[in-house]
Amino acid sequence: MLRLHTGEPSRSASSDATARREVRAAVGRFLTAGLVALVLVATPVAFWIRAEAERHALANARDVTQRLADNVVGPLITDQLLAREPAALELLDRRLEPWLAESGVTRIKVWDERGRVVYSDVASLIGQDFEQEEWARLLLEGGPATATFEPQTAEENEFEATSGELVEVYVRSASQSGAPMIFETYSSGDGVRREQHAVLMGMIPPMVLALAVLQLAQLIPAVRLARRMQVNQAARNVLLRCAIEASDQERRQIAAELHDEVIQDLSGLAYALESEERRGPPELQHVFTNARTMLQNNIRSLRAMTSELYPPDLEELGLNASLMRLEAPLVERGIGLTVEIPETFVLDRDRAVLLYRVAREALVNVSKHSSARAVAIRVRQAGQRTEITISDDGVGFNPSESRGESHLGLRILGDTIRQAGGAFEVRSAPGEGTCVIATFGAAATGLRLTGRRPAASARQHVTVPTAP
């Protein structure tokens, strides 16, 4: 037999521990979501800052190169230098030597408007001609200076090809005679990387700290909100429990009044009719017989209704015995019942009552509307999930069509189960029977259904024979 055992002190302590675990879990989820959001925000921002730092470093390189071209190189591009006189070339070498030694500039070239190298710190490049590209023509016509940070693989970069990423800057200059020139420098990328690192280290920590402070500032309201939601959930559960108990009490009162008053009076009337049937005139005997038979049938119906109305004591009878009490109306209509319940499973009293009600309402509908020959009750529990399924082989119906009052009890019960945090579903189709499924969430640890039976099977199968 399945029994329902309670333990109020342990239930209270367990509820408190469960409440604390739920709050900690909610806070943990909040912090995890905040950390993920922090990473998702900080990563693109870091890339954006890195790109901006590179852009800023390249802008500085353009400015430095432009000043070098205007103030140092331009005045020394004389006709003698263009004629490649050694003295003019040596003078420019001396002027640029400090830049090559200290500023990070690794290569310098000066181009004329025809694409000829008129000066370079590499003497072998002087006098070589290279094809002028469109950007060079635009620069000579007054276009903007350019600066890039990339490996150098072009034809004129034979001396820079093995240096990795370099900062390449092109600015417009002019010779002493006013002829347009292109001044080109190559610099090590270390300066750009250092500036990127400096900007990142200057901006990322404050940004991360600000986001972390924001996260922590939201933590206290989040904890309060989790606790408030928990209190509200507990209050809703209390209201639901009160509603269930009030409904049970009302059913008990109605069942008691039917049993103590209406059924007793009708039983007395049936005995009176039987007495009149025996002693009355023969010509009225069949009238008394029919009236007595009809009255006895109504009394049996009222007794069955009383049994349905009166909720069993699950703690005293156990869930299995309580479900088996629902067999009488089915047996009278020739419907076979199969009950399958786990030998041991955990369920609190409120959900056990709801589970019993699901079975009762479903079986009432099977008895009255389904024209079924067999119905099965199956209870399953997997982890924190408990499910009861009531399926029959009756005529079925279309759930999308209105059924008036015939399934009102199930609809009300479904709303109650959903309010308790469960799920409720009715599956049916014309000619294919009906399946009622109710699912409940986490089971409470303070109440336990335990089974003690000699059978070795982990399931109980009870078959109720049909009436002959």
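Scroll up for the structure.
Described below are features of the structure shown in this document. (Residues numbered from 1 in each chain as written. Predicted model: local features only at pLDDT ≥ 70, side-chain atom pairs only at ≥ 80, totals over all residues. Heavy atoms only, no water.)

**Description of the nonpolar core**
Thinking step 1. Of all hydrophobic cores here, the largest spans 33 residues; its most connected members are Leu323, Val358, Leu363, Val375, Ile377, Ile388 and Ile390.
Thinking step 2. For this core, the elements supplying multiple residues, two or more each, are helix 8 (319-324), strand 7 (336-342), helix 10 (349-370), strand 9 (374-382), strand 10 (385-392), helix 11 (408-419) and strand 12 (434-440).
Thinking step 3. Looking at which element gives the most residues to this core, the answer is helix 10, with nine residues.
Thinking step 4. Counting 28 residues, the second largest nonpolar core, distinct from the first, contains Tyr119, Ile126, Val169 and Val171. (Core = buried A, V, L, I, M, F, W, Y, C linked by side-chain atoms within 4.5 Å. Buried < 20%, exposed > 50% of the residue type's maximum accessible area, 1.4 Å probe, protein only. Helix = DSSP H or I, 4+ residues; strand = E, 2+ residues; numbered from the N terminus.)

**Here we look at the pattern of salt bridges**
Thinking step 1. With the rule as written, the count across this model stands at 10 salt bridges.
Thinking step 2. A salt bridge links aspartate 129 to arginine 116; the shortest N-O distance between them is 3.0 Å. Here the residue aspartate 129 occupies a position in the loop between strand 3 (117-120) and helix 4 (134-140), and arginine 116 occupies one in the loop between strand 2 (105-112) and strand 3, the gap between them amounting to 13 residues.
Thinking step 3. Classification of arginine 116 by relative accessible area gives partly exposed; the value is 34%.
Thinking step 4. The salt bridge involving glutamate 425 is made with arginine 427; its shortest N-O contact spans 2.9 Å. (Salt bridge = Lys/Arg side-chain N within 4 Å of Asp/Glu carboxyl O.)

**Quick look at the side chain of serine 267**
Thinking step 1. Here serine 267 lies in helix 5 (residues 190-279).
Thinking step 2. Given a relative accessible area of 12%, serine 267 falls into the buried group.
Thinking step 3. What serine 267 contacts, discounting residues up to four positions off in sequence, is Ile299 and Arg303. (Contact = heavy atoms within 4.5 Å.)

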